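Structure at a glance
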Amino acid sequence: MADGRLTITVLGSGTSVGVPTIGCHCAVCTSTDTRDKRLRPSILVRWNGHSVLIDTGPDFRQQALAAGIERLDAVLLTHAHADHIMGLDDVRPLNFYMSGPIRVYGSAETIDIIRRTFRYIFDTRPTESSIPKIQTCVFGDAPIRVGDLDFEPIRLAHGHGTVYGFRFGSAAYLTDHSGIPPESMEKLRNLDVLFLDALRHRPHPTHSTVEDSLETVAALKPRRAFFTHICHDLAHEATEAALPANVRLAYDGLVIEVDNPPVHKFRVFRSLEEIPVDFGPCALTIGNFDGVHIAHRSIMRRVASVAHEQGWHAAALTLDPHPASVVAPEKTPRLLTGIEQRCELMRQAGLDEVLVLPFTKELAALSPEQFIQGIVTNRLGARAVLVGHNFRFGRGAAGDTALLQELGQRLGFEVETCPAVHCRGTVVSSTQIRKLIAAGDVADAWRMLERPFALEGEVIRGEGVGSRQTVPTLNLSEQTGLVPLGGVYVTRTVDLDDDRQWRSVTNVGFRPTFEGQHLTIETFLLSTFDGHSPARIRVEFLYRLRDERKFENAEALKAQIVRDVGRANRFHRRTAEMLSSMG
Ligand SMILES: [Zn+2]
Ligand SMILES: [Zn+2]
Ligand SMILES: [Zn+2]
């Protein structure tokens, strides 16, 4: 993200009933210390002209007025308990000032409850009174990008339920929780600011106590911690006096400036010239990485861990176009991933930088020694080079891992050769996955990629058959990469601009029933979508249903489609668990 400061304003620091609590005359509820007046929990995050609100509790109107909220780039919901959502209707005035709807992010469960609780917002019935313009977006485990900042959902236990906190830059906000799973703890290292639930001293089945959260602070060692979701057991001044200096109680109106060196600032360089002179030192992996499959990702995770142990960058050097297109154009494979998708997957695998080197005749002519010395050590300052077992480099692919070891000793870098990764007895490789896709075996390809094979592109106008049917039909624009073998597939379709997704069935082929001439990729959604038709989609291939066939007439085709949809629905039901865990 850019250099602008990131500030967090605590809009509410109280528990679900607020403090003072209705009907209570205890010392805290009658205290004159303004820090003992606690509205329902919420924070506002602002940076570079962006603002994101976390939770819209029943006090949202009052909080928005106090903080001067006039627009919101997004609302993130931790969970759907009433003390975190009941003020949602009060975003209405913001709609007057903002052009589009307000994006509201929650887990699948939270968004489901929001749509039922605020049914009048979503039921599309005509109404004379104004209703908020809201676009709901479901998040999984992947970060939510707002402007130039990622908000990473952090899974938490809240009694028997699962709720979310969020990490953004070097801050994290974890309100209601009674436990933090180990994999979430891993995501909370190196924080400047950490917010934690600390209801009171006495144990509670769904909340952390002051003592629990002090333990979390001891384990994670953030620079500063703030406790929130506080009930009337805790008087601000007396409680804080007993806390370590870097742990404070949050209070309504508290503004915190966050040191925000981005923890993961990902950069892509498109040529050697773009690389800063002081780039190194780095741990580096080199390869084409088509598909960024499980074996690639295991190397990249290793690169990141070596680099971060040593305080180096974690980098990858990849080539575009594919070397074969320069050396032997007739042998150029159709690729699993375009360069943009490859870079994004490498970002997700934990790398800090990717150098996309244009593969030219000049580059192809470099000897293995010239390539390593000129680019890898002199230019990139590699201190460690990690590669796959079958890595080849330099003119005519003359260099192998033995030569790389030798060069490493001579030039002063470590070499690590990562072993082959097997999947059901087969060595995982891009070539093997391309073969599987070309044969329509998308289920095996899914295993090797650890995600479904997907096609992305713009939605184009089809030839009209789908649009006359009752199911919404989306046609993908022409593809330059690899396309699965013609046939009918169970798929999942994702709106690339809106975080919406649908279960679907996709026909890849020539539409023989309609005497089609061109390859079409036609997707039938298994549910209707509310709102506009998506402009750009990703179609994920989950399972192959059947070959494409020519039918007697459109009626026979329709009957077959009904059967396909039935099978697809059964497939989706069986894999719903798996899909939701994939996000
Ligand atoms: Zn709560
Ligand atoms: Zn009280
Ligand atoms: Zn709660």
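Residues numbered from 1 in each chain as written. Chains lettered and ligands numbered in written order. Predicted model: local features only at pLDDT ≥ 70, side-chain atom pairs only at ≥ 80, totals over all residues.

Points about the environment of Ser 208
The topology assignment puts Ser 208 in the loop between β11 (193-197) and α7 (210-220). Linking Ser 208 and Ala 438, residues 230 residues apart in sequence, is a C-alpha distance of 52 Å. Not counting residues within four places of it along the chain, the set of residues in contact with Ser 208 comprises His 177, Ser 178, Leu 196, Asp 197, Ala 198, Leu 199 and Ser 213. (Helix = DSSP H or I, 4+ residues; strand = E, 2+ residues; numbered from the N terminus. Contact = placed C-beta atoms within 7 Å.)

Some words on the environment of Pro 143
Note that Pro 143 resides in the loop between β6 (134-138) and β7 (144-146). Here Pro 143 falls in the partly exposed class, since 17 other C-beta atoms lie within 10 Å of it. Through-space distance from the C-alpha of Pro 143 to that of Ile 154 is 9.5 Å; in sequence the pair is 11 residues apart. In contact with Pro 143, other than residues within four places in its own chain, are Asp 150, Phe 151 and Glu 152. (Buried ≥ 20, exposed ≤ 12 C-beta atoms within 10 Å, placed from the backbone.)

Points about the nonpolar core
The biggest cluster of nonpolar side chains holds 68 residues, and the ones touching the most others in it are Val 52, Val 75, Leu 76, Phe 166, Ala 172 and Phe 227. Apart from residues lying up to four places away in sequence, Phe 227 is in contact with Leu 196, Ala 198, Val 210, Ser 213, Val 247, Leu 249 and Ala 250. Listed in part, the 67 residues of the second largest apolar core include Ala 283, Val 505, Ile 537 and Phe 541. (Core = buried A, V, L, I, M, F, W, Y, C linked by C-beta atoms within 7 Å.)

What about the sheet that holds strand β3 (residues 50-54)?
Read across the open sheet, the seven strands follow the order β6-β5-β4-β3-β2-β1-β14; overall the sheet is mixed. The open sheet is flanked by β6 and β14 (255-258), the only strands paired with a single partner. Pairs of neighbouring strands in the sheet enclose a mean axial angle of 25°, with direction left out of account. Sheet topology places strand β1 (residues 6-12) next to strand β2 (residues 42-47); six bridges connect them, and they run antiparallel. (Pairing = 2+ DSSP bridges. Axes fitted to C-alpha atoms, helices over the stretch in contact; angles between N-to-C directions.)

Here we look at the domain arrangement of the protein
Taken domain by domain, the protein holds domain 1 (6-258), domain 2 (267-423) and domain 3 (452-582). Summarising the inter-unit geometry, the C-alpha centres of domain 1 and domain 3 are found 39 Å apart. (Domains from an automatic or database assignment.)

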